[in-house]
Amino acid sequence: MLTVEQILRGTSIGRMQSVGQMDVIPVLADEDDESLVAPDLRIGTTEYGRVDVTHLGAKPTLVPPGAAWIVGMVAQDHAIGGGVFVKPGDTRRINGMCVQQTQPGLIKPDKHPMVILPLPLRVQALAVRNQKDYSQLWEPIGRFNDSMDVVCQGNLCAFLDRFKKELDQFVAEFELVPRQVGAIVLVGGEIVGVERAPSVAFWEALWQPLIRVCYGAAALRRGRQTTAPPISRFRLCTNVQTLDDLENALQQVRNCEDAFVMDTREQVGSLELRGRCSFDDELGRLRLQTLASPLLSGQVVLNDCENVVYASLGSSKAA
Amino acid sequence: MQTVAAYNPGQEWMPPPSISAQEAGKRVCAFLDVALTSFGRSTHYNTQAAQKIAETVAHDELLALDPGLYALLLGLDGLTDRCRQRGLWHLLASQPMKRSLPSARKREVIEHLVRELPPQRLFKTFDSLRAKSGRINNARTRKVILRAVLTARCLQLWVVKYRRKLASALKHAWGQRTTSYLRNALATPLKQRDEAQKVALNREIGRFIKPEDQSYVFECVGFALGIRDKLTLPLLRTFEAAKADLQCGAGLPYEVLEGLRSVYHPDVSKEETLRITREGLTKHQQKTFQKKARKAGVDVRMNARNYTATELYLYAFDVGLDNDVLQALEEKARKAAQFFPTRYDRLGVVIDASRSHEGDKAQPLRPMAVTLATRDTLLRVGKEVYVGYCGGKLENGLHRPQGETSLAEVLVTILARKPEAVCIVSDGYENAPAGRVTEVVRALRGIGDTTPIFHLNPVFASEAGGVRSLDESIPVMPLRGPETLGMSFLRFLVEKDPIQGINMLIQLALRSERRRVSC
């Protein structure tokens, strides 16, 4: 069992950024952990439901859980459910799922850009990560597309094409801050994700795939359900008489936001997650474990000192 | 309706009856946003594809409003080369222009654009005309290409530096058969050319040029088409000589000699190319090669006064600030301030130095460079100027972008100094939290504070179809650099009073034209 507090040990939090339905609380660290480097991957497929991943970096990496490759060629896009360690120069064949039902064809090996599956699909993909069925995400994708009024069965690219502009905007609106190695993500005022990377560089590589598709999709879905601002949004008191009053009002609303951030940190910190005794993957001192709780589920990487160097937890309720 | 096509300076320009003044203003503003801030590359926020789509819409909509106005505004000073390039393409390729603009007027504008565009952009435009389905190849386009190439002041340099693109442009204009025929004619010694060859050379080349330039142009065109013997022009002979001995290549452009080195002398180091060509480097190369030159121990001189303030800040981000650059920045700021439309006793300036001002890999740190250059100018348009920074980190005298965007707090701090006006320089993306500036402005106006607030935006946002606004009550103006601040403020006027603003823009464009003609 692990608590989120343990997962975030050694980090602090930064100022919350809020746009629309999404809030991002940066997780900061003073030092990087050098055990894993950001993924620098060449991927391809030689059969449906299996992804061949070659790591081109100089040190080991973790292919993050929920990684997906939406390629521009005539080939079926693929995703993986659980994360996988890859040594430098090594190739691993990973159990995966097709995310483009109506497109046949194999992916030619190349450095295809990576995304992280939309949150609801990421959680489902993790749950079925060990099952060998390349079509198992088609129905969930179809349901997800339906929920977004995208009429295209099990093709994730249909959603990505339809909402390209909106998803690009998430990347524009949220900024990385110095020493950032992760984030606590809220959508609609509720915690939907806790992320921690081993280093600033690793986080910078994951940031866009996470914010754009994984959490961006959740924010988009929420935005279609309601236009009301989330409870994490504090309004400035505009009923002021002087500029001094306005300055005080700004300070007050800032205090409220900071207090909300601290409360959120405390609330999420107390969450307990449980996992099996066995690990999903191991590499030297590092172990990859799947954890779950009623609120969050995902995977973490622990080192031999039982410190968490990587975590990616998404809302279990998102599916 | 008074259109620009038949413009009478005594009368006011009005939009066509089917388009309202507001709509006309909106289209002109979108065009100005593109013309001043879009470079057709990806930004921190948008992909290149998204930028291109938004640009196309802005050009098309202004063109549909009034082709004459479109053509006239292309002559404004301070537009990006990319905007001029698109404009040239439209003038040559688009149907509406053919219908609504007198030929003489169209020719004037085309000639201006051809003169202003750097050769790479010119050839790219010709390439895109060739590549467009249906191959735009009317008589006007052919004449434009031939005139542009054959009368180029630097034709000898062009055939050495851009020989493939130049050859491709000529083939587009002449067609493959005529090009082959002309090549054979040019390869034939003068005394042995038959009458048909002479007529063809005169028809396809001679009629565009002065008689005294004929042998020069013939040799250049021949070189571009692959003729390498009996060369008399110095640069062409140097090109050939450098194939055998790289040291003979002094006088050639760096990239040309580097190309010859990689093919004919691969065992010679790249640093040797730099050493040989250092006296002939372009302004841009003098700046961008500084690091490379220092590493190679090659002395490459650059004169900081040859660059815009934005270019100097980009250079400083890469290499560092030195006294020469600082002095040049000071001079440029003073000069740009002279053209600022007004002066203040007390001016407030809010600088967005958040992470998004890092720009994108395609244009790293450009938004920050424009912001700092503009700040320097604004520092000189008020007796007292109060500057506040949102985010950023001061490192070796330079503000480097970092952190989130919380402009509202800085704005209120600046307002406490009671300025007469406030300029916010920001890309318009606010996230700590979004909308806080709107709340602050609403509160301000509620307490009766009417301090004018302007927003200068150095980044084109494709999802906004222009520059992104912080709040609908704050006029936002596209910002290319301090040199075009006047134009940015005119955009504000167009938004506030479209007819007056557009007419002022027309006057500005006509003044630019008259100045060019008198030169």
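Residues numbered from 1 in each chain as written. Chains lettered and ligands numbered in written order. Predicted model: local features only at pLDDT ≥ 70, side-chain atom pairs only at ≥ 80, totals over all residues. Heavy atoms only, no water.

**Examining the overall build of chain A**
So, step 1. Check the secondary structure of chain A and you find seven helices and 19 strands.
So, step 2. For 319 residues, the compact-globule estimate of 2.2 N^0.38 gives 20 Å, and chain A sits close to it at 20 Å.
So, step 3. For chain A, the spread of C-alpha atoms along the principal axes amounts to about 70 × 50 × 30 Å.
So, step 4. Expressed as a percentage of its 319 residues, the buried residues of chain A come to 60%. (Helix = DSSP H or I, 4+ residues; strand = E, 2+ residues; numbered from the N terminus. Rg over C-alpha atoms; globule rule 2.2 N^0.38 Å. Buried < 20%, exposed > 50% of the residue type's maximum accessible area, 1.4 Å probe, protein only.)

**Quick look at the packing of helix α19 (residues 309-319) of chain B against helix α20 (residues 323-338) of chain B**
All names here are of chain B.
So, step 1. Contact geometry of α19 with α20 gives a least axis separation of 10 Å together with a crossing angle of 155°. By the angle class used here, α19 and α20 are roughly antiparallel. The two elements α19 and α20 meet at a crossing, and its hand is left-handed. Contacts between α19 and α20 involve A309, L312, Y313 and Y315 from the former and V325, A328, L329 and K332 from the latter.
So, step 2. Its residues assigned to classes, the contact of α19 with α20 comprises seven nonpolar, no polar and one charged. (Axes fitted to C-alpha atoms, helices over the stretch in contact; angles between N-to-C directions. Parallel < 35°, antiparallel > 145°, perpendicular 65-115°, else oblique. Left-handed = near helix turned anticlockwise from the far one by under 90°. Contact = heavy atoms within 4.5 Å. Nonpolar A, V, L, I, M, F, W, Y, C, P; charged D, E, K, R; others polar.)

**Quick look at the confidence of the model for chain B**
So, step 1. Chain-level pLDDT for chain B is 88 on average; 92% of the residues reach the 70-or-more range.
So, step 2. Across the interface, the model reports ipTM at 0.90; the global pTM reads 0.82. (pLDDT = per-residue confidence, 0-100.)

**Describing the interface of chain B and chain A**
So, step 1. Taken together, the contact pairs 31 residues of chain B with 33 residues of chain A.
So, step 2. Roughly 2700 Å² is buried in total at the junction of chain B and chain A, and carbon and sulfur atoms are behind 57% of that figure.
So, step 3. Taken together, chain B and chain A are joined by five salt bridges.
So, step 4. Across the salt bridge formed by B:R355 and A:E204, the nearest N and O atoms sit 3.6 Å from each other.
So, step 5. Put simply, the parts of the chain that give the side of chain B that touches chain A at least two residues each are α22 (407-415) and α23 (436-446) of chain B. (Buried area = accessible area lost by both parts, 1.4 Å probe. Salt bridge = Lys/Arg side-chain N within 4 Å of Asp/Glu carboxyl O.)

**Details of the sheet that holds strand β11 (residues 91-98) of chain A**
All names here are of chain A.
So, step 1. Pairing in this open sheet of six strands is antiparallel, and the strands run β5-β6-β11-β9-β8-β12 from one edge to the other. Every other strand in the sheet has two partners, leaving β5 (41-47) and β12 (114-116) as the edge strands with one partner each. Across this sheet, the average inter-strand angle for adjacent strands is 40°, counted without regard to direction.
So, step 2. Inspection of the sheet shows β5 paired to strand β6 (residues 50-55) by five bridges, in the antiparallel sense. Following the sheet pairing, E47 is matched in β6 by R50. (Pairing = 2+ DSSP bridges.)

**Focus: the environment of B:E258**
Residue and element names in this part refer to chain B.
So, step 1. Note on placement: E258 falls in helix α15 (residues 254-264).
So, step 2. On the basis of relative accessibility, which here comes to 14%, the residue E258 falls in the buried class.
So, step 3. The spatial distance from the C-alpha of E258 to the C-alpha of K270 is 7.0 Å, given a sequence separation of twelve residues.
So, step 4. Those residues in contact with E258, other than ones at most four positions away along the chain, are K270 and T273.

**Digging into the packing of helix α4 (residues 81-93) of chain B against helix α6 (residues 103-116) of chain B**
Residue and element names in this part refer to chain B.
So, step 1. α6 packs onto α4 with a crossing angle of 145° between their chain directions and a minimal axis gap of 10 Å. By crossing handedness, the relation of α4 to α6 is classed as left-handed. Contacts between α4 and α6 involve D81, R84, G87, L88, L91 and L92 from the former and K106, V109, I110, L113, V114 and E116 from the latter.
So, step 2. Tallied by class, residues from the contact of α4 with α6 come to seven nonpolar, one polar and four charged.

**Here we look at the pattern of salt bridges**
Residue and element names in this part refer to chain B.
So, step 1. Under the criterion given, the structure shown has 50 salt bridges over all chains.
So, step 2. The shortest N-O distance in the salt bridge between R86 and E55 comes to 3.4 Å. Of this pair, R86 sits in helix α4 while E55 sits in helix α2 (residues 48-65), and the two are 31 residues apart along the sequence.
So, step 3. Owing to a relative accessible area of 16%, R86 belongs among the buried residues under this scheme.
So, step 4. Notably, a salt bridge pairs E255 with K161, separated by 3.2 Å at the nearest N-O pair. Of the two residues, E255 sits in helix α15 while K161 sits in helix α9 (residues 155-161), which places them 94 residues apart along the sequence.

**Re the packing of aromatic side chains**
So, step 1. All chains considered together, the criterion is met by 16 aromatic pairs over all chains.
So, step 2. Taking the centre distance of 5.9 Å and the plane angle of 70° together, the rings of A:Y134 and A:W138 count as edge-to-face.
So, step 3. On the accessibility criterion, A:Y134 (37% relative accessible area) is partly exposed.
So, step 4. Taking the relative accessible area as the measure of exposure, A:W138 reaches 17% and is therefore buried.
So, step 5. Ring geometry for B:F31 versus B:Y70: centroids 5.8 Å apart, planes at 65°, classification edge-to-face. Of this pair, B:F31 sits in helix α1 (residues 21-37) while B:Y70 sits in helix α3 (residues 67-73), and the two are 39 residues apart along the sequence. For the pair shown, B:F31 and B:Y70 are each scored as buried.
So, step 6. In textbook terms, an aromatic cluster arises when at least three aromatic residues are bridged by ring pairs, as seen for B:F123, B:F126, B:W158 and B:Y162.
So, step 7. Positioned over the ring face of B:F223 is B:R228, at 3.9 Å from the centre of the ring. (Phe/Tyr/Trp six-rings, centres within 6.5 Å; stacked < 30°, edge-to-face > 60°. Lys NZ or Arg CZ within 6 Å of the ring centre and 35° of its normal.)

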